[in-house]
Amino acid sequence: MIEIIDLHKRFGELVVLDGVSLSIPPGETTAIIGPSGTGKSVLLKHIVGLIEPDSGQVICFGTDMAQASERERYAVRRRFGMLFQDGALFDSLSVGENVAFPLERHTRLSPREIRDRVEEKLAVVGLPGTWDRAVSQLSGGQRKRVGLARAIVMEPEVVLFDEPNSGLDPLTSDQIDTLILDMKQALGITFVIISHDIIGTVRVADHIAMLNAGKLVAWDRTEAVLRSPEPVVRAFLRRNLVLPEAEGEQAHLPRAEEARRG
Ligand SMILES: Nc1ncnc2c1ncn2[C@@H]1O[C@H](COP(=O)(O)OP(=O)(O)OP(=O)(O)O)[C@@H](O)[C@H]1O
Ligand SMILES: [Mg+2]
């Protein structure tokens, strides 16, 4: 579905991606983790062709994004929903107008059809009947939900989500994760998420890719990454997976204890 092949990218002297290869399996959730400034967001922007690689390839649905014409790239991008790290909602528009925005720009649906589609997606993210709410009055968690509704309003096959949990308390963060799990199940959406919330990542991700100093230092199924012997991976995970499960608590942390020991 998405193939990243030996990607190299530098900004001036700064080498950000130094030979990254990765394939994103369809219908599953892949998390990209790693320290700040390691190029996670840059990698995500390569996937949709917003940044061009110095060398290497990004192939989405069989299209080489760097070689493609603007028209071909556009056709591919329509199959993606994106929530960028800095991707803000329009504060001057209502919730409904924000979610309707891509439909108004990219489709010829009638106002009635747009309204119905938006209401449907708002219900999916747990905010039914909120069309008229002012975005400026929403909490951080509600804003994430509206962003998610906007990302899925074009019914994408893949959703790229840069930091779904940033700035959220643990419970709200959990709710967003649950939403991602549900949407994968119910809608078959492929998610690529970037997250610093390792506990949430372990819960939602089928695969984890870890970037460090321009290289992929882990890339495997989540359980396998938790057992990785790689010191840099262990150090990164150990910092975050410190809580053993309490009696009867839902198992959110498969093998967390095991990853922590060893
Ligand atoms: N357009 C750009 N021009 C120049 N440098 C850039 C550009 N985009 C990103 N960078 C640099 O590339 C490096 C990687 O940035 P990136 O945003 O991908 O980090 P990140 O892994 O997403 O970090 P964080 O976890 O803090 O979001 C940073 O040093 C950043 O300053
Ligand atoms: Mg980032």
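Reading guide: rules and limits
Residues numbered from 1 in each chain as written. Chains lettered and ligands numbered in written order. Predicted model: local features only at pLDDT ≥ 70, side-chain atom pairs only at ≥ 80, totals over all residues. Heavy atoms only, no water. Phe/Tyr/Trp six-rings, centres within 6.5 Å; stacked < 30°, edge-to-face > 60°. Helix = DSSP H or I, 4+ residues; strand = E, 2+ residues; numbered from the N terminus. Buried < 20%, exposed > 50% of the residue type's maximum accessible area, 1.4 Å probe, protein only. Lys NZ or Arg CZ within 6 Å of the ring centre and 35° of its normal. Near = heavy atom within 4 Å. Polar contact = N/O pair within 3.5 Å; in protein donor to acceptor, adjacent residues only side chain to side chain. Areas by Shrake-Rupley, 256 points an atom, 1.4 Å probe, with all protein chains shown as cover. Nonpolar A, V, L, I, M, F, W, Y, C, P; charged D, E, K, R; others polar. Pairing = 2+ DSSP bridges. Contact = heavy atoms within 4.5 Å. Axes fitted to C-alpha atoms, helices over the stretch in contact; angles between N-to-C directions. pLDDT = per-residue confidence, 0-100.

### Focus on the packing of aromatic side chains
Evaluation of the coordinates by the stated rule reveals 2 aromatic pairs. With centroids separated by 4.9 Å and ring planes inclined at 55°, the aromatic side chains of Phe90 and Phe101 adopt a geometry described as tilted. With Phe90 in the loop between β6 (80-83) and α3 (95-106) and Phe101 in helix α3, this residue pair connects regions lying 11 residues apart in the sequence. Note on Phe90: relative accessible area 34%, which makes it partly exposed. Residue class for Phe101 comes out partly exposed when judged on its relative accessible area of 29%. Positioned above the aromatic ring of Trp131, the side-chain terminus of Arg115 is 4.0 Å from the ring centre.

### A word on the site of ligand 1
Of all residues adjacent to ligand 1, which total 14 residues, the nearest are Ser36, Gly37, Lys40, Gln85 and His196. In the environment of ligand 1, an oxygen atom lies 2.9 Å from a nitrogen or oxygen atom belonging to the backbone of Val42. Notes on ligand 1: free accessible area 630 Å², of which the protein chains cover 62%. Of all the secondary structure elements, the ones that give two or more residues to the shell around ligand 1 are β2 (14-24) and α1 (40-47). Ranked by residue count, the leading element in the shell around ligand 1 is α1, at 3 residues. Classifying every residue of the shell around ligand 1 gives 5 nonpolar, 7 polar and 2 charged.

### Regarding the sheet that holds strand β5 (residues 63-64)
Whether parallel or antiparallel, the strands of a sheet pair through hydrogen bonds between backbone atoms. Pairing in this open sheet of 4 strands is antiparallel, and the strands run β2-β1-β4-β5 from one edge to the other. The sheet is open, and its two edges are formed by β2 and β5, each paired on a single side. Pairing geometry for strand β1 (residues 2-11) and strand β4 (residues 55-60), over 5 bridges, is antiparallel. Within β4, the position partnered with Glu3 by the bridge is Ile59. Across the sheet, α1 is in contact with β1, β2 and β4; its angle to β1 comes to roughly 125°.

### Re the pairing of strand β10 (residues 215-221)
Examined bridge by bridge, strand β9 (residues 207-212) and β10 share 6 bridges and lie antiparallel to one another. Looking at β10, one finds that Ile208 is bridged to Asp220. In this antiparallel pair of consecutive strands, β9 and β10, the connection spans 2 residues, and Ala213 shows a positive phi of 50°.

### A word on the confidence of the model for the protein
In the predicted model, the protein carries a mean pLDDT of 88, and 91% of its residues have values of at least 70. Note that pLDDT drops below 50 for residues 242-246; the model gives that stretch 8 contacts with residues more than four away or on any other chain. A low-confidence stretch, residues 249-262 stays under pLDDT 50, and its non-local contacts, those more than four residues away or across chains, total 29 contacts.

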